[in-house]
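Okay, here's what each chain looks like letter by letter:
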Amino acid sequence: NAGVTQTPKFQVLKTGQSMTLQCAQDMNHNSMYWYRQDPGMGLRLIYYSASEGTTDKGEVPNGYNVSRLNKREFSLRLESAAPSQTSVYFCASSEALQGGYEQYFGPGTRLTVT
Amino acid sequence: LAKTTQPISMDSYEGQEVNITCSHNNIATNDYITWYQQFPSQGPRFIIQGYKTKVTNEVASLFIPADRKSSTLSLPRVSLSDTAVYYCLVGDSLTGANNLFFGTGTRLTVIP
């Protein structure tokens, strides 16, 4: 099993450009998440999807959109990139078996906006 | 909102037991406590999770007092490869993740 995969691994954008970050999991998890991590900081939740067909905002959703394409895939779109969106983006998935957050993370996408 | 507070950094010598404490004064009744480990340039990795008392697995123990307002991650006999950032996370996935809060974590440095 590959676990959680993310593409691309690295990306450089100019201000105003758009792009979509892709995430897929092969663990048959219901829930998926998108986080951003700025240098020296903890992770901040952007959006999450508790189950296929649902999405909800997290702590920092402004400037982003998401799509839960199917149970496996959850994409994050930046419509008009800004330098403040320079960060490392992590996707994660989990199965809410007993209420906690045993999440499995992907390797991350390092995004630079110039 | 069950935010967490952890020490910013800790140092330990190889072979020692390390205890990292997390404060979560506003923990809700249904919240679980989860700990993650993160190495540089990698995503966080799940270590251990608990609701109350003590939980132990092959890599760590988690101690939770009766009032659940704090928790302690215990790493037995650390090695250099345990140098990482450790995050405490509090929440209840069955009621929604919109208040999920990772915090800034504790940077553990293991010294030879």
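Note that the structure is a prediction, hence the values are computed from the model and not measured.

(A) Spatial organisation of the overall build of chain A. Along the backbone of chain A there are zero helices and 11 strands. Each helix and strand of chain A, ordered N terminal to C terminal, gives the series β-β-β-β-β-β-β-β-β-β-β. Computed over C-alpha atoms, the radius of gyration of chain A comes to 13 Å, within 12% of the 13 Å expected from 2.2 N^0.38 for 114 residues, which places it in the range of a compact globule. When the backbone C-alpha atoms are referred to their principal axes, chain A occupies close to 40 × 30 × 25 Å. Counting the 114 residues in chain A, one finds 48% classified as buried. When the accessible surface of chain A is split by element, carbon and sulfur atoms take 49% of a total near 5200 Å². A gap of 8 Å separates the mean positions of the 10 positive and 9 negative side-chain charges of chain A.

(B) View of the overall build of chain B. Check the secondary structure of chain B and you find zero helices and nine strands. Walking chain B from its N terminus toward its C terminus, one meets helices and strands in the order β-β-β-β-β-β-β-β-β. In summary, chain B has a C-alpha radius of gyration of 14 Å against a globular reference of 13 Å for 112 residues, a match within 12%. Counting every position in chain B, which comprises 112 residues, the buried fraction comes to 49%. Considering only residue pairs separated by 6 or more positions, chain B has 57% of its internal contacts joining residues 24 or more positions apart. Summing over all exposed atoms, chain B offers an accessible surface of approximately 5500 Å²; the carbon and sulfur share of this is 50%. Taking the 8 positively charged and 8 negatively charged side chains of chain B as two groups, their mean positions are separated by 5 Å.

(C) Spotlight on the sheet that holds strand 7 (residues 70-75) of chain B. Residues and elements named next belong to chain B. Read from one edge to the other, the open sheet built from four strands follows the order 2-7-6-5, with strand pairing classed as antiparallel. Each end of this open sheet is capped by a strand with a single partner; those strands are strand 2 (18-23) and strand 5 (53-56). Sheet twist, expressed as the average angle between the axes of neighbouring strands with direction ignored, equals 15 degrees. Looking at chain direction, strand 5 and strand 6 (residues 61-64) are connected through four bridges and run antiparallel.

(D) Highlighting the pattern of salt bridges. Tallied over the full model, the rule gives three salt bridges over all chains. Across the salt bridge formed by A:D38 and A:R44, the nearest N and O atoms sit 2.7 Å from each other.

(E) Main features of the interface of chain A and chain B. The interface of chain A with chain B comprises 23 residues on the first partner and 24 residues on the second. Together chain A and chain B conceal approximately 2000 Å² of surface at their shared face, both sides included; 55% is due to carbon and sulfur atoms. Remark: the boundary between chain A and chain B carries zero salt bridges. Of all the secondary-structure elements, those providing two or more residues to the side of chain A that touches chain B are strand 4 (31-37), strand 5 (43-49) and strand 10 (103-105) of chain A. Here the residues of the side of chain A that touches chain B sort into 11 nonpolar, eight polar and four charged.

(F) Quick peek at the state of the cysteines. All names here are of chain B. Following the criterion strictly, the structure yields two disulfides over all chains and no others. Note on cysteine connectivity: C22 is disulfide-linked to C88, with sulfurs 2.2 Å apart. Disulfide C22 to C88: torsion about the S-S bond roughly -75 degrees, handedness left-handed. Residue C22 is found in strand 2, and its partner C88 is found in strand 8 (residues 84-91); the two are separated by 66 residues along the sequence. No difference in accessibility class separates C22 from C88, as the two residues are buried.

Rules behind the numbers
Residues numbered from 1 in each chain as written. Chains lettered and ligands numbered in written order. Predicted model: local features only at pLDDT ≥ 70, side-chain atom pairs only at ≥ 80, totals over all residues. Heavy atoms only, no water. Helix = DSSP H or I, 4+ residues; strand = E, 2+ residues; numbered from the N terminus. Rg over C-alpha atoms; globule rule 2.2 N^0.38 Å. Buried < 20%, exposed > 50% of the residue type's maximum accessible area, 1.4 Å probe, protein only. Areas by Shrake-Rupley, 256 points an atom, 1.4 Å probe, with all protein chains shown as cover. Lys, Arg positive; Asp, Glu negative; His and termini not counted. Charge placed at Lys NZ, Arg CZ, Asp CG, Glu CD. Contact = heavy atoms within 4.5 Å. Pairing = 2+ DSSP bridges. Axes fitted to C-alpha atoms, helices over the stretch in contact; angles between N-to-C directions. Salt bridge = Lys/Arg side-chain N within 4 Å of Asp/Glu carboxyl O. Buried area = accessible area lost by both parts, 1.4 Å probe. Nonpolar A, V, L, I, M, F, W, Y, C, P; charged D, E, K, R; others polar. Disulfide = S-S within 2.5 Å.

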